[in-house]
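# Overview (structure and organization)
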Amino acid sequence: METEELIRKCKAINLGEGEKSRVAIGDVLKGKGRKLVSGCLLGKVLHPRGVSREGIKSALQQVWKTAEGFKVESLGGKMFMFKFASEADKRRVLSGGPWHFERALIVLKEPSGIEEIAKQSFT
């Protein structure tokens, strides 16, 4: 289950007044969500055509040459999440740009939280 879906389901739970002081699920989920995105970068490819997950992963593996590898998840709309096995690899990639794919700029940023990732601004 995706973090966003889990948060949405938890928000739908109604508790009585006496139960509210005993349950702190939201804080626990936020902490887990922050941990999930801590090793990640969001990327948006400024390309007029669609971009495949496999294509961008293959190209960036050759360029980034990470010590411990990374995973790519498509978020739709030419947006991707890059999950790094190493914080050092993530920092090196973030500071080493600008990066491009098929002559199109890739804008990278750290997630600003666990809200809807696809709606985060790249400006």
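This text goes with the structure placed above it.
What counts, and where the lines are drawn
Residues take numbers from 1 onward in each chain, read along the sequence in its written order. This being a predicted model, a pLDDT of at least 70 is required before a residue's local features are given, and a value of 80 or more before pairs of side-chain atoms are given or counted; all residues contribute to the totals for chains, interfaces and linings. The basis for the side-chain values is all heavy atoms of the structure; hydrogens and waters are excluded. A pair of strands is treated as paired once DSSP finds two or more bridges between them. In this text, helices come from DSSP runs of H or I with a minimum length of four residues, and strands from runs of E with a minimum of two, each type numbered from the N-terminal end. Each axis is a line fitted through C-alpha atoms, and for a helix only the stretch in contact is used; angles between axes span 0 to 180 degrees, taken between their N-to-C directions. Residues are treated as being in contact if the distance between any of their heavy atoms lies within 4.5 Å.

### With respect to the sheet that holds strand β1 (residues 40–45)
The strand order β2-β3-β1-β5-β4 describes an open sheet built from 5 strands, whose pairing is antiparallel. Two strands close off the open sheet at either side, each with one partner strand: β2 (70–76) and β4 (99–101). The mean inter-strand angle of the sheet, taken between neighbouring strand axes irrespective of direction, is 30°. Taken together, the 4 bridges between β1 and strand β5 (residues 104–109) define a ladder with antiparallel strand orientation. Bridge assignment links Val45 to a residue of β5, and that residue is Ile106. Taken strand by strand, helix α4 (residues 53–64) contacts β1, β2, β3 (79–84), β4 and β5, and its axis lies near 145° from that of β2. Helix α5 (residues 87–95) rests against β1, β3, β4 and β5 of the sheet, and its axis sits at about 30° to β1.

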